[in-house]
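Spelled out, the chains give:
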Amino acid sequence: MEKKQSTKKALQEALIHLCLEQPFSKVSVKEITQEAGINRQTFYYHYKDKETLLKEVYYEDSLHFMDEDISLTNWEEEALLMLKAMYEKKDFYQHSLYGKNYLLFDIFTDLIESRFIDLFALLDEDKHLLVEDKNFYASFFAYGCSGVLQKWLVTGLKEPPIEMAARLYRLAKDVEFFAMGLYDGYR
């Protein structure tokens, strides 16, 4: 198990290093394996393709902060940790977006959509909303957050991570506030 993890880590680090020098679309599996010091067959044992490796790098490096343990009480802190991780490797993130920019945002959107579904389930204790509506609202907000993240990355991460995290947090709190007002109208 430890050897498998160290091989995967070597491949992840190789991809990050190569993306600091060139766009992801120009990085080949051959270059990744050479950089990691392993053979191609080992690469394909662990990953279907370089996009699968990139998804894992995104998750392991930053997106894991937005996973299941996130709540309204720790939303800002977890978003800040994610954004700081991206900011620290901003050259990697910007280079990895060229050609395959949907990968990062697809993963992020799925994670955030699940969190919004959880939020709406919490807020709708009396079950006034249809499941389809909760899912639609969650999708709407997730794509909005994803668009904000995309703009931040594509335009050069000009705002500090703390400012972006605060905005995402305020969004979540405002949704909670307005939803509570809406639900109070049902009672």
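Everything below is about the structure printed above this text.
All of these numbers come straight from a predicted model, not from anything done at the bench.

(A) Quick look at the environment of L171. Within the element layout of this structure, L171 appears in helix α9 (residues 161-186). The exposure class of L171 is partly exposed, given its relative accessible area of 27%. In this structure, the C-alpha to C-alpha distance between L171 and F141, residues 30 residues apart in sequence, is 9.1 Å. Discounting residues that sit within four places of it in the chain, L171 has contacts with F116, F141 and C145.

(B) Structural view of the nonpolar core. The biggest cluster of nonpolar side chains holds 54 residues, and the ones touching the most others in it are Y58 and L153. Mapped onto this core, the elements with two or more residues apiece are α1 (2-21), α2 (29-36), α4 (50-61), α5 (75-88), α6 (90-97), α7 (102-123), α8 (131-154) and α9. When residues no more than four places from it in sequence are discounted, the contact partners of L153 are M86, Y93, Q94, L97, L104 and F105.

(C) Quick look at α4. In this model, α4 (twelve residues) spans 16 Å end to end at C-alpha, consistent with the 16 Å of a helix rising 1.5 Å per residue. Within α4, burial applies to K50, E51, L53, L54, E56, V57, Y58 and D61. Looking at where α4 begins, the residue whose side-chain oxygen comes 3.2 Å from the main-chain nitrogen of E51 is D49.

(D) Focus on the side chain of S96. Along the chain, S96 falls in helix α6. Exposure remark for S96: the relative accessible area of 0% places this residue in the buried category. A distance of 3.0 Å separates a polar side-chain atom of S96 from the backbone oxygen of Y93.

Conventions used here
- Residues numbered from 1 in each chain as written.
- Predicted model: local features only at pLDDT ≥ 70, side-chain atom pairs only at ≥ 80, totals over all residues.
- Heavy atoms only, no water.
- Helix = DSSP H or I, 4+ residues; strand = E, 2+ residues; numbered from the N terminus.
- Buried < 20%, exposed > 50% of the residue type's maximum accessible area, 1.4 Å probe, protein only.
- Contact = heavy atoms within 4.5 Å.
- Core = buried A, V, L, I, M, F, W, Y, C linked by side-chain atoms within 4.5 Å.
- Expected span 1.5 Å × (residues − 1).
- Polar contact = N/O pair within 3.5 Å; in protein donor to acceptor, adjacent residues only side chain to side chain.

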